[in-house]
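Tertiary structure, described
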Amino acid sequence: MAHEDISRQLKTEDKNVTDLQKEASLSSLPVETLEQIFMFLSKEDLLQAMSVCTSWKSVIVSSPNLWKKQTFVLDCTLRTTKKIKTDLLFCFQNFGPHCQTLSVKCRHPCLHDCQKMANRFNLFLTFLVMPRVTSFKVSNLRMECAKGLVMKSIANKLTKMFARHPPLNAFEMSSAHWTIPEGQKVLDAVFKKSRNTLETLRMEEYFVYPSRRQKDLDWLSTGLTSLTKLTKLCINFFYLTDEIIVSLASSRRGELTCLSLLLKAVSPQISRIQQASWIYLAEACPDVEVEFNIMGNVYKPSVSLPALLDPVLPVCRLKMIISKILFYSTRRHGYKMAIVFDHIRDHYGQSIRSFKLSLPEHKENFDQSLIKLVQSCPRLVHVKVSASFHSQKTAKRIEQIVAERLELAPTSNGRYNKKVCTDSNGVGKASQLEDTMEGPSGFQGASQQ
């Protein structure tokens with residue numbers, strides 16, 4: 001028995017020594033190694049790691065690289081507690097001075113607009129202390145239902161912040177839903193301070209409603225023209241005029257590389273940019289790549305979509321998320337999407353690299369036209385389609401074409417591989433080719449990028 005007790009005691013001592021060695025080895029890692037490990041942690045995890053030991057706290061507090069990029073998620077369904085305010089203030093005061101890229105993602109429980117998000121963002125700006133931010137990104141704010149005083153308060157805070165902080169390299173505020181006076185005030189502050197540094201401007205659905213009066217957006221042409229470094233512009237199609245296109249082409253000659261256009265509704269009566277303006281842009285900026293994002297209702301797609309997708313544009317990415325197709329005699333004439341596919345193939349066959357399509361329920365057979373489109377575009381490698389096919393072989397054929405183009409087997413785990421999912425519906429099979437290059441659509445909480 002005595003021998004067993006001694007053996008047990010020795011094993012316990014060995015285990016304690018091993019644990020101490022592990023702890024010592026972890027604490028004795030070089031600061032650079034610990035910093036690289038901590039780069040994978042979120043802000044919440046970093047704050048908890050600070051309480052583990054003094055060495056970890058020292059590394060986290062004294063490593064500016066951990067705080068250069070920060071992402072915050074505002075959720076209008078969550079209660080703003082005192083602890084949340086305290087943690088937010090703590091992060092801004094202690095680590096805000098290191099931040100250079102700030103991203104704010106606004107999360108709503110559904111598609112409705114609410115007043116809470118504007119109030120949350122207003123409170124967020126009250127605490128905000130980040131004097132070195134050069135990239136400012138806010139997505140899905142949607143202030144349409146915000147009170148006028150709250151919106152003015154947000155505009156005033158942003159204007160003051162941009163005036164006293166360094167010039168921006170990127171300003172992104174998609175789906176902000178500003179009124180024109182407040183939205184113009186914020187953009188004017190950005191244009192004034194960052195005219196010689198701003199490279200990326202993202203303002204799809206920046207205003208609550210696109211203005212139909214050209215004079216309301218005359219100032220936008222002047223502001224865009226003043227930007228001497230702009231290379232990427234993401235904007236609502238309805239904000240553009242022929243004057244803006246020509247002025248942008250003249251001021252950014254040879255420098256503009258990306259133009260992303262958003263449309264929420266399409267009809268044959270849509271006010272179009274003249275082809276001469278697009279030609280001038282294409283000639284002035286030969287390296288520009290155009291992206292169309294068409295989302296919402298489409299009236300007479302066989303007429304309105306080809307008229308919108310001008311043949312002279314170097315379209316490289318095309319997304320059509322159609323919620324409803326409006327046509328007075330749909331049952332008799334059909335959607336005639338084959339005409340749209342043929343137009344895309346004939347005019348964008350050598351430039352298009354990404355094609356995404358979502359259609360409502362239909363009984364039209366466009367399988368062969370879609371296959372021909374994918375087959376005739378040699379650079380098309382990102383394909384995502386959600387529609388009713390008449391043949392179960394259509395989805396597999398599209399996947400095979402893309403896989404062969406990338407020299408990857410359809411079942412491989414390569415980076416560009418496509419996955420086909422088929423679900424039964426009233427017509428045939430619904431196919432969705434998922435783009436593995438896209439990240440998840442949702443966010444589970446604030447995280448450090």
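Structure shown above.
Scope of this entry: the structure provided in the associated data block. (Residues numbered from 1 in each chain as written. Predicted model: local features only at pLDDT ≥ 70, side-chain atom pairs only at ≥ 80, totals over all residues. Heavy atoms only, no water.)

As a further point, take helix H11 (residues 275-284). All of the buried residues along H11 are Ser277, Trp278, Leu281 and Ala284. Seen end-on, H11 carries its buried residues on one side only, within an arc spanning 135°. Exposed side chains of H11 directed beyond 90 degrees from the buried face belong to Ala276 and Glu283. Buried residues along H11 sit against helix H10 (242-251) and strand S7 (258-266). (Buried < 20%, exposed > 50% of the residue type's maximum accessible area, 1.4 Å probe, protein only. Helix = DSSP H or I, 4+ residues; strand = E, 2+ residues; numbered from the N terminus. Arc of directions from axis to C-beta. Contact = heavy atoms within 4.5 Å.)

With that settled, the discussion passes to the packing of aromatic side chains. The full count for this structure, using the stated rule, is 16 aromatic pairs. Ring geometry for Trp178 against Tyr206: centres 6.4 Å apart, planes inclined by 40°, an arrangement best described as tilted. In this pair, Trp178 is assigned in the loop between strand S4 (170-174) and helix H8 (180-194) and Tyr206 in the loop between strand S5 (200-203) and helix H9 (218-226), connecting sequence segments 28 residues apart. For the pair shown, Trp178 and Tyr206 are each scored as buried. Each ring, one from Tyr206 and one from Phe207, has its centre 5.0 Å from the other, and the planes form 90°; the classification is edge-to-face. In this structure an aromatic cluster arises from ring pairing among Trp178, Tyr206, Phe207, Trp219 and Tyr239. (Phe/Tyr/Trp six-rings, centres within 6.5 Å; stacked < 30°, edge-to-face > 60°.)

Along H10, the positions that sit buried rather than exposed are Ile244, Ile245, Leu248 and Ala249. On an axial view of H10, the arc spanned by its buried residues comes to 130°, and they lie on one face.

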